[in-house]
Amino acid sequence: MGSAADNATAGFLVWRLSMKWRVAVDRALAPLGLTHAQYALLGSLHGMARSGQRPSQRRLADHTGLEPLYVSKLARALEGAGLVARTRDPRDPRAMQLTLTGHGRDVTARAITLVQGLLDQLLEPLGGQHGQRAREFTRELAILLDVPLDPPTENDEEHPS
């Protein structure tokens, strides 16, 4: 991006970085038949399962930041591909729990390896994934993700603080 970044807003740079990341992940995962969004769901399921969780679609939506309706659509597609099993939650018959199938675990492991390789490339200028600058960058991103964002209302614009 060069000099264009010099005058860019933080919002524009976040947008560009997120698009760069999404395109790279989509390209890397295409041979596995996965998209970035599907990977977000599978990777999250993998991590949650490792900590003993069997999340509902709603919990997975909250975890990934994806809309619940979109998670439901992704889960059905991944179920059709044999990567995810969807079952009714015995505690809440309205909720669907998700688990990786054996095939889903295999594909997800391969996908994680590919995405970790991309992350190594992305964070190389910051000293690599485990470098001090990358850890600081990760902390800064986490701070920004914790900030609630509500669209301004007309009243906010008419009466600035």
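The coordinates are above.
Let me sum up the structure you'll find in this document. Every chain's residues receive numbers from 1 upward, in the order its sequence appears when written. Reporting of local features is limited, given that this is a predicted model, to residues whose pLDDT is at least 70; pairs of side-chain atoms are given and counted only at 80 or more, and all residues count toward the totals for whole chains, interfaces and linings. Values shown for side chains rest on all heavy atoms present in the structure; no hydrogens or waters enter the calculation.

## As for helix 4 (residues 68-80)
Part 1 of the argument: The numbering of helices and of strands both runs from the N terminus, where a helix is a DSSP run of H or I of at least 4 residues and a strand a run of E of at least 2. One fewer than the residue count of a helix, multiplied by 1.5 Å, yields its expected span. Over its 13 residues, helix 4 runs 18 Å from end to end, which matches the ideal 18 Å to within 8%, given 1.5 Å per residue.
Part 2 of the argument: For the exposure calls, accessible area comes from a 1.4 Å probe over protein chains only, and a residue counts as buried if that area is under 20% of its type's maximum, exposed if over 50%, partly exposed in between. Buried within helix 4 are the following residues: Val71, Ser72, Leu74, Ala75 and Leu78. All buried residues of helix 4 fall inside an arc of 165 degrees around its axis, so they share one side. Opposite the packed face of helix 4, turned more than 90 degrees from it, sit the exposed residues Leu69, Lys73 and Gly80.
Part 3 of the argument: Along its buried surface, helix 4 packs onto helix 2 (36-50), helix 3 (57-64), strand 1 (84-89) and strand 2 (92-100). Here, the arc refers to the directions that run from the helix axis to the C-beta atoms. Throughout, a contact is declared for two residues whenever any of their heavy atoms are within 4.5 Å.

## Overview of the layout of surface pockets
Part 1 of the argument: Here the term cavity refers to a set of points on a 1 Å grid, laid over the protein atoms alone, in which a 1.4 Å probe fits but cannot get out; the term pocket refers to an open set having protein on both sides within 12 Å along at least five of seven lines, with lining residues being those that place an atom within 4 Å of a point. Grid points are joined across faces, edges and corners, and a volume is the space filled by probe spheres set on the points. Of the volumes computed, that of the largest pocket is approximately 2100 Å³.
Part 2 of the argument: Those elements giving two or more residues to the lining of the largest pocket turn out to be helix 1 (10-29), helix 2, helix 3, helix 5 (102-123) and helix 6 (132-145).
Part 3 of the argument: Tallying contributions element by element places helix 1 first for the lining of the largest pocket, with 11 residues.
Part 4 of the argument: Here the residues of the lining of the largest pocket sort into 23 nonpolar, 11 polar and 3 charged. Three classes are used: nonpolar for Ala, Val, Leu, Ile, Met, Phe, Trp, Tyr, Cys and Pro, charged for Asp, Glu, Lys and Arg, and polar for all others, with Gly counted as polar.

## Observations regarding the pairing of strand 1
Part 1 of the argument: With 6 bridges joining them, strand 1 and strand 2 adopt antiparallel strand pairing. From the neighbouring strand, Asp89 faces strand 2, where its bridge partner is Asp92.
Part 2 of the argument: In this description, strands pair whenever DSSP reports at least two bridges between them. Where strand 1 hands over to strand 2, the hairpin turn is made up of 2 residues, counted between the paired strands.

## Thoughts on the side chain of Arg86
Part 1 of the argument: Residue placement: Arg86 occurs in strand 1.
Part 2 of the argument: Its relative accessible area of 19% is what places Arg86 among the buried residues.
Part 3 of the argument: Within the local environment of Arg86, its side chain forms a polar contact with the side chain of Gln57, the two groups lying 2.9 Å apart.
Part 4 of the argument: Polar contact is defined as a pair of N or O atoms within 3.5 Å, subject to the rule that within protein one atom must be able to donate a hydrogen and the other to accept it, and that residues adjacent in sequence are counted only when both atoms are side-chain atoms. Separated by 3.3 Å, the side chains of Arg86 and Glu79 make a polar contact.
Part 5 of the argument: Discounting residues that sit within four places of it in the chain, Arg86 has contacts with Gln57, Ala75, Arg76, Glu79, Met96, Gln97 and Leu98.

## Considerations on the environment of Pro68
Part 1 of the argument: Considering the arrangement of structural elements, one finds Pro68 in helix 4.
Part 2 of the argument: Of the residues examined, Pro68 reaches a relative accessible area of 30% and is grouped as partly exposed.
Part 3 of the argument: The spatial distance from the C-alpha of Pro68 to the C-alpha of Gln57 is 7.0 Å, given a sequence separation of 11 residues.
Part 4 of the argument: Apart from the residues within four sequence positions on either side, Pro68 is in contact with Arg58 and Ala61.

## Focus on the side chain of Ser72
Part 1 of the argument: Its location among the elements puts Ser72 in helix 4.
Part 2 of the argument: In this structure Ser72 comes out as buried when scored by relative accessible area, which is 11%.
Part 3 of the argument: Only 2.6 Å separates the side chain of Ser72 from the side chain of Arg76, close enough to count as a polar contact.

## Digging into the environment of Ala40
Part 1 of the argument: Within the secondary structure layout, Ala40 lies in helix 2.
Part 2 of the argument: Taking the C-alpha atoms as reference, Ala40 lies 15 Å from Glu79; in sequence the two are 39 residues apart.

## Structural notes on the pattern of salt bridges
When the charged atoms of two side chains lie near each other, side chains of opposite charge can form a pair.
Part 1 of the argument: Think of a salt bridge as a Lys or Arg side-chain nitrogen and an Asp or Glu carboxyl oxygen that are within 4 Å of each other. According to the stated counting rule, one finds 5 salt bridges in the structure shown.
Part 2 of the argument: Residue Arg86 is joined to Glu79 by a salt bridge in which the shortest nitrogen-to-oxygen separation is 3.3 Å.
Part 3 of the argument: We classify Glu79 as partly exposed; its relative accessible area is 32%.
Part 4 of the argument: The salt bridge involving Arg91 is made with Asp89; its shortest N-O contact spans 3.3 Å.

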